[in-house]
Protein chains: 2
Amino acid sequence: MIEADEILKAFNFRHACKVFDPHKKIPDKTFETILESARLSPSSFGFEPWRFLVVQDPALREALLPVTWGAQRSLPTASHFVVILARKQPTLLWNSDYISHMMYEVHHLPPEMAEARRQMYRKFQEEDFRLLESERATFDWAGKQCYIALGNMMSVAAMLGVDSCAVEGFDAQALEKVMKERFDLDTKTFGVAVMVAFGYRIEEPKPKTRQRMEAIVEWR
Amino acid sequence: MIEADEILKAFNFRHACKVFDPHKKIPDKTFETILESARLSPSSFGFEPWRFLVVQDPALREALLPVTWGAQRSLPTASHFVVILARKQPTLLWNSDYISHMMYEVHHLPPEMAEARRQMYRKFQEEDFRLLESERATFDWAGKQCYIALGNMMSVAAMLGVDSCAVEGFDAQALEKVMKERFDLDTKTFGVAVMVAFGYRIEEPKPKTRQRMEAIVEWR
């Protein structure tokens, strides 16, 4: 158990850190903990529709720069820069090899349970959430799971004294081209959900602003 | 700062808890901390496109039951049951009153900064992410922000010794009808992104399964 005060201290410490101290590196053990919080994050049906590219090569970071207006100062200064990839429709279809792989080789489900689960997932995908309505709908659903991992990574970083900034500021289409050409990404299978930079602040943030609790919570 | 081991202990403690001890209530102070972690969660442009309905009235929980197959055992037993609402397109348009409210009354931006930011958001919405492609695209983007809060709430709960289960198992269209009719929800402004139940386990979970680190992380 962790003290509530310690937890909230970390949530107040976290802010969108736009620029980092280029001389300070996150210790390996600390960054492993951040990655482990992503790996252990929950996802719908436990299908983990994500991948994490840790981009440390300066040339590859530079390749991202022209298409990522939201990371102009963090790309050159972050200790660690992560591109979070979400799976696209082909490997997320209820009858795909990836889904079978997850249920059999990762979840170790016996065949009857796996096949019953596949039918639940099929109904969920086809009817409940209508995820097959468009390729985007499936990709955005995978993206939502990635945002659970994203949130956990940033919160855990803050608990370890590490700053971070989520990055949605990119031209999605232009970025996809860069990912294909410079990162050899299989863009039929993966797309960029979001990015996140980690490092150590060099300036103190402005005071945090949020809606009041009464404005966002309703008890029924 | 919190010890890495303490953090990972919480991530390993957390699991999708399907049924709770109906006699155990989460102390107010503990649940407030969970809500505060949601409130302090980051969101794109700081627009907090979320609301949290804490559903404690047994009659209202019962109204959710027929349309929420993923919470058949948690709805009647959870100490606290939260419906996370995401904003829909009308209040998220770059020129909406809500966006102005957030920039002026919450972020306290001076007019020139607010209007420059509005144009960045407009470009982001219209071009970078093409969120106006469909109402669903905008709603799913708001939903992604909700999943950051969702992830934080579940992780913080685990750190406080509280179990949780995210719930995507619902018929989205049928649920929307229930939200309108039984919860008087303004369904032009809000839709259900996801739900999450909190309480205390009565049975120990199966061992956690995950892909190995090497399968999901790539260093470049």
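Being a predicted model, the structure only gives us computed values, none of them experimental.

Enquirer: Quick question: what am I supposed to make of the relation of the copies chain B and chain A here?
Expert: Each of the two chain copies goes to the other by way of a rotation about an axis and a shift along it. For the pair chain B and chain A, the relating rotation is 180°, the translation along its axis is 0.0 Å, and the fit reaches an RMSD of 0.0 Å. In the structure described here, the two chain copies are related by an operation that fits a two-fold rotation axis. When the interface residues of chain B are mapped onto chain A, 99% of them again fall at the interface, so both copies present the same face.

Enquirer: How should helix α6 (residues 97-106) of chain A be read in this particular structure?
Expert: In an α-helix, one full turn covers 3.6 residues, which means residues spaced three or four apart are oriented alike. All names here are of chain A. Taken together, the buried positions of α6 are Ile99, Met102 and Met103. One face of α6 carries all of its buried residues, which in axial projection span an arc of 85°. Seen from the buried face of α6, the exposed residues on the opposite side, beyond 90 degrees, are Asp97 and Glu105. Contacts from the buried residues of α6 go to α7 (111-128).

Enquirer: In this structure, what is going on with the sheet that holds strand β1 (residues 50-54) of chain A? I would like to understand it.
Expert: Across a sheet, strands are paired by hydrogen bonds formed along the backbone, either parallel or antiparallel in direction. With mixed pairing, five strands are arranged side by side in an open sheet as β3(A)-β4(A)-β2(A)-β1(A)-β5(B). Two strands bound the open sheet, and with one partner strand each, they are β3 (163-167) of chain A together with β5 (217-219) of chain B. Adjacent strand axes in the sheet meet at a mean angle of 25°, parallel and antiparallel pairs treated alike.

Enquirer: Any chance you could explain the packing of helix α1 (residues 4-13) of chain B against helix α8 (residues 135-159) of chain B here in plain terms?
Expert: All names here are of chain B. Between α1 and α8, whose axes approach to 8 Å, the crossing angle comes to 110°. Comparing their axes, α8 and α1 come out roughly perpendicular. In this structure, α1 uses Ala10, Phe11 and Phe13 to contact α8, whose residues at the interface are Ser155, Ala158 and Met159. Looking at the contact of α1 with α8 residue by residue, the class counts come to five nonpolar, one polar and no charged.

Enquirer: Even after reading the chapter, I still don't get the interface of chain B and chain A, so can you show me in this structure?
Expert: Quite often, the size of an interface is put as the accessible area lost when its parts meet. The partner chain A presents 68 residues to the 68 residues of chain B that form the contact. Only α1, α2 (28-39), β1 (50-54), α8, α9 (172-183), α10 (213-216) and β5 of chain B provide two or more residues apiece to the side of chain B that touches chain A. No other element matches the 14 residues that α8 of chain B contributes to the side of chain B that touches chain A. Here the side of chain B that touches chain A is built from residues that sort into 35 nonpolar, 17 polar and 16 charged. Here strand β5 (residues 217-219) of chain A pairs with β1 of chain B via three bridges, running parallel. What sits directly across from Trp219 of chain A, in β1 of chain B, is Val54 of chain B.

Enquirer: What's the story with α1 of chain B in this structure? I'm lost.
Expert: Of all the positions in α1 of chain B, only Ile7, Ala10 and Phe11 of chain B are classed as buried. Looking straight down α1 of chain B, one finds that the buried residues subtend no more than 100° of arc, so they occupy a single side. The inward-facing, buried residues of α1 of chain B abut α2 (28-39) and α8 (135-159) of chain A together with α8 of chain B.

Enquirer: I keep staring at the environment of Met102 of chain B and nothing clicks. Help me out?
Expert: Tracing the sequence through the fold places Met102 of chain B in helix α6 (residues 97-106). Ignoring anything within four residues of it in the chain, the contact list for Met102 of chain B reads Gly46, Phe47, Glu48 and His107 of chain B.

Enquirer: Can you walk me through the pairing of strand β2 (residues 80-87) of chain B in this structure?
Expert: Along a regular strand, successive side chains alternate from one face of the sheet to the other. All names here are of chain B. A large share of β2 lies buried, amounting to eight of its eight residues. Here β2 shows two buried faces, one formed by His80, Val82, Ile84 and Ala86 and the other by Phe81, Val83, Leu85 and Arg87. As judged from the five bridges shared by β1 and β2, these two strands associate in the antiparallel manner. Residue pairing across strands places Trp50 opposite Ala86, the latter belonging to β2. Inspection of the sheet shows β2 paired to strand β4 (residues 190-199) by eight bridges, in the antiparallel sense. Counterpart to Phe81 in the pairing with β4 is Ala197.

Calculation criteria
- Residues numbered from 1 in each chain as written.
- Chains lettered and ligands numbered in written order.
- Predicted model: local features only at pLDDT ≥ 70, side-chain atom pairs only at ≥ 80, totals over all residues.
- Least-squares fit on C-alpha atoms with pLDDT ≥ 70 in both.
- Contact = placed C-beta atoms within 7 Å.
- Buried ≥ 20, exposed ≤ 12 C-beta atoms within 10 Å, placed from the backbone.
- Helix = DSSP H or I, 4+ residues; strand = E, 2+ residues; numbered from the N terminus.
- Arc of directions from axis to C-beta.
- Pairing = 2+ DSSP bridges.
- Axes fitted to C-alpha atoms, helices over the stretch in contact; angles between N-to-C directions.
- Parallel < 35°, antiparallel > 145°, perpendicular 65-115°, else oblique.
- Nonpolar A, V, L, I, M, F, W, Y, C, P; charged D, E, K, R; others polar.

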